[in-house]
Amino acid sequence: MGASFCYLLSQQFGRRILLKYCYEKINLWQKRVHQHADSFLWLIIFLRITPILPNWFINVCSPLLDVPLRHFFIGTFAGVALPSILFIQAGKTLHQLTSPSDVFSWRSIFILSFCAILSLMPIYFKEKIQNLFKKQS
């Protein structure tokens, strides 16, 4: 809910200000993002799972790039829930630590990497599935 509130604040107040000063750059990014308009949900999930961009940046920039609130909300919910489960598990593990070497977990890194790759699969296979349906038609 907090991310959606930030999205709405950015949409209401930040959009006019930033468009006034950075119109060309925002317009260029809007065109780039709209090339993947049918994959907004999966891109938001991927960005939330991976630490490529800070979450506050995604919250503020999504309305500027015309990402629909529905895709933003669902993508944020799914993309934040998966890592949160791992962080809760990490907290439980930290509580039970007996040595400093127990902090690093390949299992957690593997699960986060797997979830990030899995979130990109629909984008990758979408074109192949569409081509398959076109051939059948």
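Scroll up a little and you will see the structure.
The present account deals with the structure reproduced in this document. If you're wondering where the values come from, they're calculated on a predicted model, not measured in any experiment. (Residues numbered from 1 in each chain as written. Predicted model: local features only at pLDDT ≥ 70, side-chain atom pairs only at ≥ 80, totals over all residues. Heavy atoms only, no water.)

Description of the side chain of Asn 59
Next, step 1: Here Asn 59 lies in helix α3 (residues 55-64).
Next, step 2: Contact partners of Asn 59, with chain neighbours within four places excluded, come to Ala 3, Cys 6, Tyr 7, Ser 10, Arg 48 and Phe 72. (Helix = DSSP H or I, 4+ residues; strand = E, 2+ residues; numbered from the N terminus. Contact = heavy atoms within 4.5 Å.)

Remarks on the packing of aromatic side chains
Next, step 1: Using the criterion set out here, one finds three aromatic pairs in the structure.
Next, step 2: Residues Phe 110 and Phe 114 carry aromatic rings whose centres are separated by 6.3 Å and whose planes lie at 20° to one another, so their mutual orientation is stacked. Taken together, the positions of Phe 110 and Phe 114, both in helix α5 (residues 106-136) and four residues apart, correspond to about one turn of that helix.
Next, step 3: Between the NZ or CZ atom of Arg 32 and the centre of the ring of Trp 29, over which it lies, the distance is 5.2 Å. (Phe/Tyr/Trp six-rings, centres within 6.5 Å; stacked < 30°, edge-to-face > 60°. Lys NZ or Arg CZ within 6 Å of the ring centre and 35° of its normal.)

Thoughts on the pattern of salt bridges
Next, step 1: Tallying each qualifying case throughout the model produces one salt bridge.
Next, step 2: We note a salt bridge from Arg 15 to Asp 66, for which the minimum N-O separation is 2.8 Å. Residue Arg 15 is located in helix α1 (residues 2-34), and its partner Asp 66 is located in the loop between α3 and α4 (69-95); the two are separated by 51 residues in the primary sequence.
Next, step 3: Under the relative-accessibility criterion, Arg 15 is labelled partly exposed at 22%.
Next, step 4: Accessibility expressed as a relative area gives 29% for Asp 66, which makes it partly exposed. (Salt bridge = Lys/Arg side-chain N within 4 Å of Asp/Glu carboxyl O. Buried < 20%, exposed > 50% of the residue type's maximum accessible area, 1.4 Å probe, protein only.)

With respect to α3
Next, step 1: Restricting attention to buried positions, one finds in α3 the residues Ile 58, Asn 59, Cys 61, Ser 62, Pro 63 and Leu 64.
Next, step 2: Once α3 ends, the next one or two residues include Asp 66, with phi positive near 65°.

Structural notes on the layout of surface pockets
Next, step 1: Considered as a void within the structure, the largest pocket measures approximately 640 Å³ in volume.
Next, step 2: Lining the largest pocket we find 20 residues, and of these Trp 29, Val 33, Leu 53, Phe 57 and Leu 65 sit closest to its centre.
Next, step 3: Counting only elements with at least two residues in the lining of the largest pocket, the list comes to α1, α2 (40-49) and α3.
Next, step 4: Ranked by residues supplied to the lining of the largest pocket, first place goes to α1 with seven residues.
Next, step 5: Of the residues assigned to the lining of the largest pocket, the class counts are 16 nonpolar, two polar and two charged. (1 Å grid on protein atoms, 1.4 Å probe; cavity = no way out; pocket = protein on both sides within 12 Å on 5 of 7 lines; lining within 4 Å. Points joined across faces, edges and corners; volume = space filled by probe spheres on them. Nonpolar A, V, L, I, M, F, W, Y, C, P; charged D, E, K, R; others polar.)

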